[in-house]
Amino acid sequence: MLFGLMILFSILSSNFLTYGNLINNVAVNSALLLLVALAGTFPILQQSIDLSVAALVNLSGVLTVILVAQFGFLAIPMVLLAGMLAGFANGYVFAKLKVPSFLVTLGTMSVMTGIALILTGGSSINFRNDAIRGIATGEYLPGIPNLVFWSVLIYLGTVFLALRTKFGRYCYALGENERVVELSGAKVDRYKIYPFVLSGLLCAIGGFLLAARLSSASPDAGTDLLLPSIAAIVMGGTALTGGVGGPHRTILGVLVIAVLQNGMNLTAVDPFVQEIILGVVVVVAVALSIDRRKIDVVK
C-alpha cells in the first residue's frame with residue numbers, strides 16, 4: 001500500500017518525490033503522529049486501548065508552556081513525569097479496579113481536556129524560549145529536522161522494548177492469552193499497567209515537542225491525532241485483538257497515513273472528502289488485521 005501510494009502520487013504531482021516535500025512535509029508532519037501511534041501500540045498489543053493519547057498530548061503541551069516560563073529546562077522532566085503519572089492512573093484503574101480500558105481512557109480523555117481548558121481559559125497560550133524551541137525546530141544532524149530525529153530515536157527505543165525485553169514479551173503474551181500469563185506466575189496487573197505508563201510518557205514527549213515547535217499550546221492542538229494514530233497502528237499490523245504486531249510495524253502505518261494525507265493535499269482533494277477516505281481506510285485496516293480466531297461472536 002505504501003509503495004502503491006507513493007507511485008500514484010508521484011504520477012499525479014511532480015512535487016511529491018522532492019526532498020523538500022518528503023522531509024519537511026511527510027517526515028516532519030508524521031513525526032508527532034508516530035509518537036502518538038507508538039504510545040497507543042503497547043496498550044493495543046496487550047488487547048487494551050488508550051483513547052486519551054491525544055488529550056494527554058494537548059495537556060502536556062499546555063503544561064510545557066506554563067512550566068517553561070517558570071522553570072526553564074526543568075519543565076521538561078516535570079512534563080514527562082506528569083505524563084507518566086497520567087498513564088499510571090489509566091493503568092491502575094484498568095488493572096486494579098477491573099474497569100475496561102476503553103471506558104477508563106474515554107473518561108480520562110474528558111478529564112485531561114477539561115484540565116487543559118481550565119489552565120488556558122479555552123484559548124492558545126505562548127512562551128518565548130529559543131533554546132526550548134530549538135529542541136524541536138533545530139537540526140542536530142544536517143538536513144534532518146529535530147522532530148524527525150527525536151521520533152526515529154524514540155521509535156528505535158520502543159522497538160527494542162517490544163522485541164528484546166521482558167516487558168515486551170509480556171505485552172505480546174497478555175494479548176495472546178492472559179490466563180496463561182497468570183498461570184506462569186507473572187505479576188499480571190503490573191505488566192498491564194506498564195504499557196499505559198509508557199503511553200503517557202510518549203504522549204508527554206509528543207506534547208512537549210508540539211508546544212516547543214509552535215512556541216504555543218492550546219487545549220485542542222493535537223486532537224486530530226487520535227483517529228489517524230489508531231488507523232496507523234492497525235494498518236501497520238498490530239491487531240486490535242492483541243498479541244500481533246508491534247512498534248516496528250506501526251511506523252509503516254504512520255507512513256501510509258502521512259503519504260496519503262500529503263498526497264491528497266498536493267492533488268487538491270477536498271478536506272471533507274479526505275475525512276471520508278481516512279475513515280474508510282480505518283475500517284478496511286481493522287477488517288484486514290483483526291484476528292478472528294480469538295473471537296467467537298463479533299458484536
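One can find the structure itself at the top, above this paragraph.
This is a predicted model, so every value here is computed, not measured. (Residues numbered from 1 in each chain as written. Predicted model: local features only at pLDDT ≥ 70, side-chain atom pairs only at ≥ 80, totals over all residues. Heavy atoms only, no water.)

Caption draft 1: Focus on the overall build of the protein. What the protein contains, in helices and strands, is 13 helices and two strands. Whereas a compact globule of 299 residues would reach a radius of gyration of roughly 19 Å, the protein reaches 19 Å, a difference of no more than 12%. When its C-alpha atoms are laid out on the principal axes, the protein stretches across 55 × 50 × 35 Å. Looking at the protein residue by residue over its 299 residues, the buried ones come to 51%. The long-range share in the protein, meaning contacts at least 24 apart out of those at least 6 apart in sequence, stands at 78%. Accessible surface, the protein as shown: approximately 14100 Å² in total, 66% of it carbon and sulfur. Separation between the mean location of the 17 positive side-chain charges and that of the 13 negative ones in the protein comes to 11 Å. (Helix = DSSP H or I, 4+ residues; strand = E, 2+ residues; numbered from the N terminus. Rg over C-alpha atoms; globule rule 2.2 N^0.38 Å. Buried < 20%, exposed > 50% of the residue type's maximum accessible area, 1.4 Å probe, protein only. Contact = heavy atoms within 4.5 Å. Areas by Shrake-Rupley, 256 points an atom, 1.4 Å probe, with all protein chains shown as cover. Lys, Arg positive; Asp, Glu negative; His and termini not counted. Charge placed at Lys NZ, Arg CZ, Asp CG, Glu CD.)

Caption draft 2: Examining the environment of Gly107 more closely. Take Gly107: it is sitting in helix α5 (residues 101-120). The class of Gly107 is partly exposed, set by a relative accessible area of 33%. Residues Gly107 and Val283, spaced 176 residues apart in sequence, show a C-alpha to C-alpha distance of 24 Å.

Caption draft 3: Quick peek at the packing of helix α6 (residues 130-137) against helix α7 (residues 146-164). For the pair α6 and α7, interaxial distance at closest approach is 6 Å and the crossing angle is 65°. In terms of their interaxial angle, α6 and α7 are classed as roughly perpendicular. Counting all contacts with α6, which are made through Gly134, Ile135 and Ala136, the residues of α7 involved are Asn146, Leu147 and Trp150. Of the residues belonging to the contact of α6 with α7, the class tally is four nonpolar, two polar and no charged. (Axes fitted to C-alpha atoms, helices over the stretch in contact; angles between N-to-C directions. Parallel < 35°, antiparallel > 145°, perpendicular 65-115°, else oblique. Nonpolar A, V, L, I, M, F, W, Y, C, P; charged D, E, K, R; others polar.)

Caption draft 4: Representation of the side chain of Thr120 within the structure. As for its position among the elements, Thr120 is in helix α5. Judged by relative accessible area, Thr120 falls into the buried class, the value being 7%. In terms of polar contacts, Thr120 uses its side chain to reach the backbone carbonyl oxygen of Ala116, at 2.8 Å. Excluding residues within four positions of it along the chain, Thr120 makes contact with Val62, Ile125 and Pro219. (Polar contact = N/O pair within 3.5 Å; in protein donor to acceptor, adjacent residues only side chain to side chain.)

Caption draft 5: Region of interest: the side chain of Ser48. Locating Ser48 in the fold gives a position in the loop between α2 (19-45) and α3 (53-71). There is a polar contact of 3.4 Å between the side chain of Ser48 and the side chain of Gln46. Beyond its immediate chain neighbours, meaning those up to four positions away, Ser48 contacts Pro43, Phe94, Ser101 and Phe196.

Caption draft 6: Inspection of the pattern of salt bridges at higher detail. The final tally for this structure, using the stated rule, is four salt bridges. As a salt-bridge pair, Lys98 and Asp189 come within 3.5 Å of each other at their nearest N and O atoms. With a gap of 91 residues between them, Lys98 in the loop between α4 (75-96) and α5 and Asp189 in helix α10 (residues 188-214) connect regions that are remote in the sequence. Given a relative accessible area of 57%, Lys98 falls into the exposed group. In this structure, a network of salt bridges that share partners links the residues Lys96, Lys98 and Asp189. (Salt bridge = Lys/Arg side-chain N within 4 Å of Asp/Glu carboxyl O.)

Caption draft 7: The arrangement of the nonpolar core in detail. Counting 79 residues, the largest nonpolar core has Ile132 and Leu209 as its most contacted members. In terms of residue count, the dominant contributor to this core is α2 (15 residues). Discounting residues that sit within four places of it in the chain, Leu209 has contacts with Leu32, Leu35, Ile135, Ala136, Leu147 and Trp150. Phe94, Ala95, Val104 and Val197 belong to the second-largest nonpolar core, a separate cluster that totals six residues. (Core = buried A, V, L, I, M, F, W, Y, C linked by side-chain atoms within 4.5 Å.)

Caption draft 8: Expanded view of unusual backbone geometry. In this structure, Lys98 takes a positive phi of about 60° despite not being glycine. A positive phi angle, close to 60°, is found at Ala268, a residue other than glycine. Relative to the elements of secondary structure, Ala268 occurs in the loop between α12 (247-266) and α13 (271-289). Classification of Ala268 by relative accessible area gives exposed; the value is 66%.

Caption draft 9: The environment of Ala136, seen in detail. Within the element layout of this structure, Ala136 appears in helix α6. For Ala136, a relative accessible area of 4% translates into the label buried. Linking Ala136 and Phe73, residues 63 residues apart in sequence, is a C-alpha distance of 13 Å. If we ignore the near neighbours within four places in the chain, the residues touching Ala136 are Asn146, Leu147, Leu209, Ala212 and Arg213.

None of the figures reported here should be taken as evidence of function without further support.
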